Amino acid sequence: MGILDRFSEIIDWYPKDMSKEERHLVFKIDWLVLTFSCISYFTKNLDVSALSNAYISGMKQDLDLTGNRLNYATSMYYVGYAIFQIPSNIVLTRLPAEYYLPAFEVMWGLFTLGTAFITNYNQLLVMRFFVGFTATACWVGNAHIVNSWYTRQELGKRNAIYGCVSPVGSMFAGYLQSAAYTNLSGHGGLAGWRWLFIICTIITIPCAIIGVLFCPNVPDRNRSRWFTEREKELAVNRLLKDGFAKTRGVDRSLIKRIFGNWRIYVFFVVGNLFWMTPYPSSLPYTLWLDSQPQYSIPMVNNLSTIANAATIVSTMLFGFYSDWRQNRWEPFLYRGILILVCNIILLVWNVPGGAKFFAFIGLGVANGATNLIVPWLAEYMSHDLEARSASIAIVNVGWVVINCVVPIVAWPTVAAPRYFGGYIWSVVMSVIEILLLPLPMILERRERKRGIDFRQMVLEENGIVIAGLEEKTKGVDDQSLEDGEPAIKEKDDKFVDSRVSRVGAIDLSGLSFN
C-alpha cells in the first residue's frame, strides 16, 4: 500500500471496507465530477468577488459609486442570479450537464469582460444583472451534480472541497486585484480595476472547455466515455444501497414531491439563517479595513483574504468531522455559538482592534460549516433526485433574495464601518438559528414513528435487504455481481408512484405540533 493510500485511509477519504473496484470508481468521480465542479465554481467566485476588490481600487471614483450604489450593483447581480435558478436546476435534470454548465460559464465570462469597459453606473447595473443571470447555473447546478454521485459517508468531505472553492476564489481575486493595481494600472490606457475583469475572463473561458471534455452527468444518465459500463452500473447501485433513488422524471407530480412535505420549508428557513449570519466577514470586514488609515489599498486587498483563509481551513475540518460523526447538526451547533459571540463583539464595537480582528476572522471560521447545508438537505431528499435538485435551488434562491434585501436595509454602505443596525440583525438571527437547529431531527423522528422512512422505501423499491451490517439483493446471486449484470431489480413504476404519492399526502402533517 502506497503512502497516498495510507493517508486516504487515515482521513477516511476511502473507507477501509471499500472494495478496490469501488475505490477506483470513486477516484474517477473525484477527478471528473468534483474537479470540474470546483474549477467552475472557482471562476464564478473569482468573477463575482472582483466587484468588491475593484470598488476599493478605483472603480468607486471612476464610476461615481457614491452612497449605496455598490449595494444596488450587488443586488442587481442577485436579481439576475435568482430569476433563473429553479428553472435551471429542473432543466439540468433533463439536458446533458456536460454541455449545459460550460455554455453558461462562457456566457458569464463574456459579461465579466464587458464590465472592464463600462463607463458609468447604469452600465454597471446592466452588466451585473447579466453576470448574475448567466452564473445562475453554476453553484446550484454543480451542487446538484456533486451531491448526486456520493454516498452519505462521502458527502461531507467532498462538499468541503467544493465549498473551499468560494473563499479560494475570493482570496485569489484579492491577490489578483492587488497585483493588477500595482503592475497594470495605466497599461493600455486602462485602470488597474479594469484589468482585473479582463484577467478574470481569460481564466474563465478555457475552464468551460474542461467541462465539455470531462464532466459527466448524474450517475443514471452518465454517457461519459471516461467510465466503463461496469463503473456506470456500480455508480448507480452503490447509491441505491445508500438510499439515493434514481431519477423519477419531471412531470406534474414534481410540485407535490417538492412542497408536499416539511423538508423544503424547514431547510429554506434554517439553511438561509446559517448562510446569512456570517455576512460581516465579507464586505463589512473589507470596508472596516479600508477605514483604517494605516493600511494601503494593496494591504487592504491582502488583509481582506484572512477571513477567507480561515473559512478554507474550517470548511475542511467541519466537512471531515461531520462524515466522521455521521451527522451534520454538530458542526452547526459549534459554529452557531461562535457566530453569536463574534456578532455580539461587533455589536458592542468599542473594543480593542484585536478583538474586532478576532470577531471578523471568527465569523470566517464559522462560515466553513455552511457548506454542509446542501449535503444535509440532499440526505433528507435522497428519495427523489429531481425534487432534490429543485429544492437545492429553492433554498439558494432564498439566500439570493436575502442578499438582495438585507445588505441594503441592514448593511447600507453609508453606515460603514459601524453598521450598528446590521450587527443587531446578526445577533438576533444568530439566536434564532441555534433555537431552530434541532427541528429537522425532531420532524424526521416523528415521521419514522408514523412508519415513514424514505431511505427504507428506496431500498424496498429496488429489492435491497439490509441484514445487520451486510447488504444483500433479493433474487441476485454473488456471481451476477461479478459478471457485471444488473444487481438491482426495480419494482413496477406504478408501485413506486403510489408509494411516493401516499407518503407525500400525509407527510406535511409533520409541520404541526401536538
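Residues numbered from 1 in each chain as written. Predicted model: local features only at pLDDT ≥ 70, side-chain atom pairs only at ≥ 80, totals over all residues. Heavy atoms only, no water.

Peer 1: Can you tell me about the pattern of salt bridges, naming the residues and giving the values?
Peer 2: Two side chains carrying opposite charge are able to pair once their charged atoms lie near each other. Using the criterion set out here, one finds 24 salt bridges in the structure. For Arg248, the salt bridge identified is with Glu461, shortest N-O distance 3.2 Å. With Arg248 in the loop between helix H9 (229–241) and helix H10 (253–259) and Glu461 in helix H21 (residues 454–461), the pair connects residues that are 213 residues apart, well separated along the chain. With a shortest N-O distance of 3.5 Å, Arg257 and Glu386 are connected by a salt bridge. Of the two residues, Arg257 is situated in helix H10 and Glu386 in helix H18 (residues 385–409); the sequence distance between them amounts to 129 residues. For the residue pair Arg257 and Glu386, the accessibility class agrees, reading buried in each case. Ionic contacts of the salt-bridge type, sharing partners, join the residues Arg94, Asp251, Arg257, Asp384 and Glu386 into one network. (Salt bridge = Lys/Arg side-chain N within 4 Å of Asp/Glu carboxyl O. Helix = DSSP H or I, 4+ residues; strand = E, 2+ residues; numbered from the N terminus. Buried < 20%, exposed > 50% of the residue type's maximum accessible area, 1.4 Å probe, protein only.)

Peer 1: Which residues make up the side chain of Thr315, and what values go with them?
Peer 2: The topology assignment puts Thr315 in helix H14 (residues 306–325). The class of Thr315 is buried, set by a relative accessible area of 1%. Excluding anything up to four places from it in sequence, Thr315 contacts Ala160, Gly163, Cys164, Gly368 and Asn371. (Contact = heavy atoms within 4.5 Å.)

Peer 1: Give a detailed account of the confidence of the model for the protein chain, specifying residues and quantitative values.
Peer 2: Within the protein chain, residue pLDDT values average 84, and 90% of them lie at 70 or more. The lowest-confidence element of the protein chain is helix H22 (residues 478–482), averaging 39 in pLDDT; the highest-confidence one is helix H15 (residues 329–348), averaging 95. The model gives residues 468–514 a pLDDT under 50, and that stretch makes 77 contacts with residues more than four places away or in other chains. (pLDDT = per-residue confidence, 0-100.)

Peer 1: Go over the nonpolar core with me, naming the residues and quoting the values.
Peer 2: Residues Met59, Leu101, Leu124, Trp139, Ile145, Trp149 and Tyr150 are the most contacted members of the largest nonpolar core, which totals 130 residues. In terms of residues, this core owes the most to one element, helix H2 (residues 20–62), which gives 18 residues. Apart from the residues lying within four places of it in its own chain, the contact partners of Trp149 are Ile29, Val33, Pro216, Asn217, Val218, Pro219, Asn222, Phe227, Ala235, Arg238 and Leu239. Residues Val236, Leu240, Ala245 and Ile464 belong to the second largest nonpolar core, which totals six residues. (Core = buried A, V, L, I, M, F, W, Y, C linked by side-chain atoms within 4.5 Å.)

Peer 1: Describe empty space enclosed by the protein, with residues and values.
Peer 2: Summed over all chains, the structure comprises four cavities of 30 Å³ or more. If you add up the space inside the largest cavity, you get close to 1300 Å³. Along its surface, the largest cavity is lined by 48 residues, and Tyr78, Ser166, Ser170, Ser282 and Trp399 are the ones closest to its centre. At the level of elements, H2, helix H3 (69–83), helix H6 (121–146), helix H7 (152–183), helix H11 (263–276), helix H12 (283–290), H14 and H18 are the ones that each hand at least two residues to the lining of the largest cavity. The greatest single-element share of the lining of the largest cavity, amounting to eight residues, is contributed by H2. In terms of residue class, the lining of the largest cavity is made up of 22 nonpolar, 24 polar and two charged. In terms of lining residues, the second largest cavity is bounded by Ser148, Pro219, Asp220, Val236, Leu239, Phe244, Ala245, Lys246, Leu385 and Arg388. Elements with a minimum of two residues in the lining of the second largest cavity: H9 and H18. Among the residues forming the lining of the second largest cavity, the class breakdown is six nonpolar, one polar and three charged. (1 Å grid on protein atoms, 1.4 Å probe; cavity = no way out; pocket = protein on both sides within 12 Å on 5 of 7 lines; lining within 4 Å. Points joined across faces, edges and corners; volume = space filled by probe spheres on them. Nonpolar A, V, L, I, M, F, W, Y, C, P; charged D, E, K, R; others polar.)

Peer 1: With reference to specific residues and values, describe unusual backbone geometry.
Peer 2: Geometrically, the link from Ala416 to Pro417 is a cis peptide bond, its omega value of 0° lying close to zero. With respect to the secondary-structure elements, Pro417 resides in the loop between H18 and helix H19 (420–436). Although it is not a glycine, Trp349 sits at a positive phi angle of roughly 70°. Position of Trp349 relative to the elements: it lies in the loop between H15 and helix H16 (353–366).

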